[in-house]
Amino acid sequence: MEWIIAILAALVAVLFIILASYRRQIREICRQLAFLQEHDSNLLITRQMDSFGIRELTDELNEMLERQREQRRRYLKKEQDISDAYTNLSHDIRTPLTSLDGYFQLLKDSGQKEERERYLGVIQERIASLKEMLEELFTYTKLKNETYELKLEPLYLNRILVETAFSYYDVWLERGIEPDIEITETQLQIEGNETGLRRTIQNMMKNGLDHGEGAMRLSLKQKDGWAVVECSNYTARPEEIDVEKVFERFYKADEARTRTSSSGLGLSIAKEFTLRMHGEIRAFLKGNWFTIRLSFPILSEGGHA
């Protein structure tokens, strides 16, 4: 009988030791959590025992901490991106605003009709430029918001490309440009957003008009199940273009020679729209030709236009 009591006593002592160790470990985990809540640290929860669910608990807590830190890093990066956007755009806006002030003064002092009309034309151009930059910033900020949803639907890329391209007819005529256009007659259907797709194509073409030397090429072809759009412009100084950076926000290869004021967000916006439509976008140089290529998976191929 005594040996049974001794065994039970030993078991109780062992259980008491285990329970004490368990309580110490829980208190230690709580202490570490309290520390991590008060301090910006990359530390993880540590443990001295693996049994009784402690291992599973610490693993879950550490995964939760890693997820929270990643979310915080993304949030801080997004905040920095938006802050940089406002800072850079404020700098870009300052030039046309200063110019506007000067031309308003010239308009006020001018008594000749031709001069006044010329000053009014410049003022209107500067105001349009400012509106465009603000619209670019609004679109960029919206696309960087993870909660923003772009509604996708089946679209025929041919129609949108033709309509968008020929909206630039007057600009081509004014600048004496005869673009080389090659668009397949086979109707290529993709999943996309019409507004986003038009904006993407517009930004590609505007980039060519602003930075190119006049000659332009535009094409739509099908290749291995993909609809491929290429917009190319001739450049006399290909060495000034860094194809690895053209989709970065505020990148301007030749700002001094740009024909119009630019936010530097056009191709960044094109990239964001393309990725949200499950497409691919890249840029490359071949000789003096700079090309932006869009690729979208084809849903179906229709008849001829």
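Located above this text is the structure these notes cover.
Here we summarise the structure given alongside this text. (Residues numbered from 1 in each chain as written. Predicted model: local features only at pLDDT ≥ 70, side-chain atom pairs only at ≥ 80, totals over all residues. Heavy atoms only, no water.)

**Overview of the overall build of the protein chain**
Logical step 1: Along the protein chain, the regular secondary structure elements total seven helices and eight strands.
Logical step 2: The burial tally for the protein chain puts 36% of its 305 residues in the buried class.
Logical step 3: Sequence-distant contacts in the protein chain: of pairs separated by 6 or more residues, those separated by 24 or more amount to 71%.
Logical step 4: As displayed, the protein chain has an accessible area near 18900 Å², and 53% of this comes from carbon and sulfur atoms. (Helix = DSSP H or I, 4+ residues; strand = E, 2+ residues; numbered from the N terminus. Buried < 20%, exposed > 50% of the residue type's maximum accessible area, 1.4 Å probe, protein only. Contact = heavy atoms within 4.5 Å. Areas by Shrake-Rupley, 256 points an atom, 1.4 Å probe, with all protein chains shown as cover.)

**Things to note about the nonpolar core**
Side chains of a nonpolar character, in soluble globular proteins, are inclined to be buried together.
Logical step 1: If you look at the biggest cluster of nonpolar residues, it comprises 40 residues, and the most contacted ones within it are Leu157, Trp172, Leu197 and Val229.
Logical step 2: Apart from residues lying up to four places away in sequence, Val229 is in contact with Leu157, Leu161, Met204, Leu218, Ser219, Leu220, Ile292, Arg293 and Leu294. (Core = buried A, V, L, I, M, F, W, Y, C linked by side-chain atoms within 4.5 Å.)

**Overview of the sheet that holds strand β5 (residues 226–234)**
Logical step 1: Pairing in this open sheet of five strands is mixed, and the strands run β2-β4-β5-β7-β6 from one edge to the other. Of all strands in the sheet, those bounded by a partner on one side alone are β2 (180–183) and β6 (280–286). Put simply, the sheet's adjacent strands are angled 15° from each other on average, direction ignored.
Logical step 2: Bridge count for β6 against strand β7 (residues 289–297) is seven bridges, and the pairing is antiparallel. What sits directly across from Phe284, in β7, is Thr291. (Pairing = 2+ DSSP bridges. Axes fitted to C-alpha atoms, helices over the stretch in contact; angles between N-to-C directions.)

**Focus: the pairing of strand β3 (residues 186–192)**
Logical step 1: Of all seven residues in β3, six are buried; the element is thus mostly enclosed.
Logical step 2: Across four bridges, strand β1 (residues 153–156) lies against β3 in antiparallel orientation. For Leu155, the partnering residue across the bridge sits in β3 and is Ile190.

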